[in-house]
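# Structure at a glance
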Amino acid sequence: MNTVLKPVLCVVTSNNVKGSTGIPTGFWLSELTHVLEQLERLGVPYELASVKGGEPPVDKDSLDASDPVNEHYLNDAEFQHQLKNTIKIDDADASGYSAIFFAGGHGTMWDFADSEGIQRVTKEIYENGGLVSAVCHGPAALVNVKLSDDTYLVDGKKLAAFTNDEEAEVQATDIVPFLLETALINHGALHHAASNWTKNVIADGRLITGQNPASAAGVGEELAKQLTNKSK
């Protein structure tokens, strides 16, 4: 196990409702657990954070215990302890982390993009030479991140995120406050879409993104691989 590698800060939403609809939401469990499995497989440590800190809401529709990876983490005492006591992102010290990862779930669409804590920590980790990663709706965290030269982090970079077509298929186009694919493109991202619900992971240097739940393990695999290669 690599003892010198700084942990990955894994961030989830604190928002539990889809805007004015009253429909419950939160973070999507497998988009966190499938990444953590890949990190742990290569001995990469992690810490959990959320926008507000404390225990974040998990989307009830994602509590699939027939998924063996989910089942493992639902019964993992260390994970459950961290999940009930997540770090508030505003309090995170970017210098303590090798990378940041943003899990998806519709909740992110209401609290990731405008979080000053997310913008600060992401910028500092990236400019410190760390990795930035996200999956599905997690790239909502990247929409408004600006670097020290006042350019958007995503400007000119290839990435994947939950697509407008996928949003339409889940009938949430008129529910979400903005369309993620469109917002990323508007800030200069080179968005690459695959067919709905198929695995799509894109690494552009130190930016690693995935399109949907099927892409979570692949994002985790690429993140863990890059981190362990960097530390050799």
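Residues numbered from 1 in each chain as written. Predicted model: local features only at pLDDT ≥ 70, side-chain atom pairs only at ≥ 80, totals over all residues. Heavy atoms only, no water.

### What to know about the nonpolar core
In a soluble, globular protein the nonpolar side chains are often hidden away together inside. Under the convention used in this document: To form a nonpolar core, buried Ala, Val, Leu, Ile, Met, Phe, Trp, Tyr and Cys residues must be joined to one another through side-chain atoms within 4.5 Å. Think of it in three bands: residues with accessible area under 20% of the maximum for their type are buried, residues over 50% are exposed, and the middle band is partly exposed, with areas taken using a 1.4 Å probe on protein chains only. In what follows, residue pairs with any heavy atoms lying within 4.5 Å of each other are defined as contacts.
Judged by nonpolar contacts, the single largest core of 67 residues is most densely connected at Leu 32, Leu 39 and Phe 101. Not counting the four nearest positions on each side in its chain, Leu 32 is found in contact with Cys 10, Val 12, Phe 27, Leu 48, Phe 79, Phe 101 and Ala 103.

### A word on the pattern of salt bridges
Pairs can form between side chains of opposite charge whenever their charged atoms are close. Note the cut-off: Any carboxyl oxygen of Asp or Glu that lies within 4 Å of a side-chain nitrogen of Lys or Arg is treated as forming a salt bridge with it. Strands are runs of DSSP state E lasting at least two residues, helices are runs of H or I lasting at least four, and both sets are numbered from the N terminus onward.
Counted under the stated rule, the structure contains 4 salt bridges. Ionic pairing is found between Glu 124 and Arg 120, a salt bridge with its closest N-O pair at 3.5 Å. Pair noted here: Glu 124 and Arg 120 are both in helix H5 (residues 116–127), with a separation of 4 residues, about one helical turn. Judged by relative accessible area, Glu 124 falls into the partly exposed class, the value being 29%. Residue classification places Arg 120 among the partly exposed positions, given a relative accessible area of 29%. With its nearest N and O atoms 3.5 Å apart, the salt bridge here joins Glu 222 to Lys 225. In this pair, Glu 222 and Lys 225 are both assigned in helix H8 (residues 216–231), 3 residues apart and thus about one turn of the helix distant.

### A short note on the layout of surface pockets
Selection criterion: Cavity and pocket criteria rest on a 1 Å grid covering protein atoms alone: a 1.4 Å probe that fits but cannot get out defines a cavity, protein on both sides within 12 Å along at least 5 of 7 lines defines an open pocket, and an atom within 4 Å of a point defines a lining residue. Grid points are joined across faces, edges and corners, and a volume is the space filled by probe spheres set on the points. Each residue is assigned to one class: nonpolar for Ala, Val, Leu, Ile, Met, Phe, Trp, Tyr, Cys and Pro, charged for Asp, Glu, Lys and Arg, and polar for all the others, Gly among them.
Reported here for the largest pocket is a volume of approximately 220 Å³. Looking at the largest pocket, it is lined by 17 residues, and the ones nearest its centre are Lys 18, Trp 28, Asp 59, His 106 and Val 170. Taken as a whole, the second largest pocket spans an internal volume of roughly 170 Å³. Residue lining of the second largest pocket: Leu 5, Lys 6, Ala 94, Ser 95, Tyr 97, Ser 98, Asn 128, Gly 129, Gly 130, Leu 227, Lys 230 and Ser 231, and that is the complete set. The class makeup of the residues in the lining of the second largest pocket is 4 nonpolar, 6 polar and 2 charged.

### Let's talk about the sheet that holds strand E1 (residues 8–12)
The condition is simple: A pair of strands is considered paired only if DSSP assigns at least 2 bridges between the two. Here an axis means a line fitted to C-alpha atoms, over the contact stretch when the element is a helix, while the angle between two N-to-C directions is reported on a 0 to 180 degree scale.
The sheet built from 7 strands is open, its strands ordered E3-E2-E1-E4-E5-E9-E8 with mixed pairing. The sheet terminates laterally at strand E3 (87–88) and strand E8 (201–204), the two strands that pair on one side only. Two elements, strand E4 (residues 99–102) and strand E5 (residues 131–135), share 4 bridges in a ladder whose sense is parallel. Bridge pairing in E5 places Phe 101 opposite Ser 133. Sheet strands in contact with helix H1 (residues 29–41) are E1, strand E2 (46–50), E4 and E5, and its direction is about 170 degrees off that of E1. Strands E1, E4, E5, E8 and strand E9 (207–210) of the sheet are contacted by H8, whose axis makes an angle of about 170 degrees with E5.

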